[in-house]
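# Structural features, examined
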Amino acid sequence: MSDSAPEPRPATAKAVPLGTGARRWLFRPPRRHGEVDTGRSVSFLELFYDLVYVVLVGQAAHTLAEHFTWRGTATFAVVFGLIWIAWLNGTLFYELHGREDGHTRSLIFVQMLLLCLMAVYVGHADGDDGRTLAVLYVLLLALLSYQWYSVYRQDLPELRRTPRRYLIVMVGGIIMIAASVPLSTDARLILWAVFVVAWCTVECVILISWRRRPSYQVVTEPMVERFGLFIIIVLGEVVIGVVNGLTDTERSALVTTTGLLGLAIGFGFWWNYADLVSRRMPRESGHSLATWIFTHLPMAMAVAAAGAGMVGLVEHATEHRTPTAVSWLMGGSVAVMLITTVVLLPTLADYDRFPAVYKSVQAVLVVAAVVALVVGWARPAPWLLALILLLLLTATWVFAFVRWLSQGSLINETSAD
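Residues numbered from 1 in each chain as written. Predicted model: local features only at pLDDT ≥ 70, side-chain atom pairs only at ≥ 80, totals over all residues. Heavy atoms only, no water.

## A word on the pattern of salt bridges
- Across all of its chains, the model carries seven salt bridges by this definition.
- The salt bridge involving R226 is made with E46; its shortest N-O contact spans 2.6 Å. Within this pair, whereas R226 is found in helix α9 (residues 221-248), its partner E46 is found in helix α3 (residues 44-66), the two being separated by 180 residues in sequence.
- For R226, a relative accessible area of 1% gives the class buried.
- Here E46 falls in the buried class, since its relative accessible area comes to 2%.
- Of the charged contacts, one joins D350 and R280 as a salt bridge, the two residues approaching to 3.2 Å between their closest N and O atoms. Taken as a pair, D350 in the loop between α12 (324-344) and α13 (355-378) and R280 in the loop between α10 (253-276) and α11 (286-315) lie far apart in primary sequence, 70 residues in all. (Salt bridge = Lys/Arg side-chain N within 4 Å of Asp/Glu carboxyl O. Helix = DSSP H or I, 4+ residues; strand = E, 2+ residues; numbered from the N terminus. Buried < 20%, exposed > 50% of the residue type's maximum accessible area, 1.4 Å probe, protein only.)

## Concerning the side chain of T75
- Residue placement: T75 occurs in helix α4 (residues 70-97).
- Accessibility expressed as a relative area gives 12% for T75, which makes it buried.
- T75 has contacts with D126 and L189, leaving out every residue within four places of it along the chain. (Contact = heavy atoms within 4.5 Å.)

## What to know about unusual backbone geometry
- Look at R279: it is not a glycine, yet its phi comes out positive at around 65 degrees.
- Its identity as a non-glycine residue notwithstanding, R379 has a phi of 55 degrees, on the positive side.
- By the element assignment, R379 lies in the loop between α13 and α14 (382-416).

## Overview of the side chain of S43
- Structurally, the position occupied by S43 is in the loop between α2 (18-27) and α3.
- The contacts of S43, once residues within four sequence positions are left out, are Y94 and E100.

Right, dumping it as structure tokens:
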């Protein structure tokens, strides 16, 4: 044995009792307003959480694919609004206040359990299953309200005004959804629609009027990425719709071609969103941020609806004219996607740097949206409908790409001088 004295153990080894770290990891409170982690990246837990919404959106889209009617479309829009509001609350809470600890993980997994149960009833929300769906949604809103309240308790007194308003809206939403449980199917859907519109409207007003401290950063790259990932989720419905349509239909060259053209429409959605909106930071002003957040709702809804429309497009591929409901659904989905992109562009932080480029792109997007509606009204053959819509999406992206190239050449010429 060595005669030298053993090295002393670090003081920290005796400073913290064995169970203290575990208790802190399990019961640590959420971050307060302003404590934004700007250096973090999207976590595996967030990706897992979003995966549950793949199932929810898929169930709603599958039901729409089986009921191409105005009522079916309206039901899909209302149910999708409920799903999106739940996703928005869970996403923003984790982004603004969540931690990488057991407390946050436990609450998110409880949300996921409720969401999985909701997915069982979403497909038949326009029926008796709507009552059970409403009960589960009330429980989910109650859990989310508890999470927001836990932040409110920690906030400084001068910062509690806006969180208090948010909590009041959440409690009002719980009351509205709970009140829909004993109602008839039609009355329940109407009340849900009122809830979706009212909730989004009031939250927009609250966000616009929020007077936060100048040092507070709300918009982060992970937050922008999460919104982009949700668009990817609904784009998956386009792929599923094409595959389901081809699986359930007697395949021929025309049917397969129509399906592939429909799938390419999904590619067109992706190209336009990825290059014009995705990963571009919105402005920090309340008006721009509110517009940026809530415009993603109709955009995501339109893409998911197009996925449902793919089934009908493929199933009727051999007909001379596309059925009215399917034609309007496809043309309307493309039009909404283009118009929401027009609305999103001015909310971006770099819009004022390249106003000429953005405004010219907006003009082309509006024209393409009008043409998409006209094509939906004209009801050409399914393959021709898909081809025209694809060409519209391609034309808008090509125009934007050429404009950005010209802007880049101008920048290079300026720097050379």
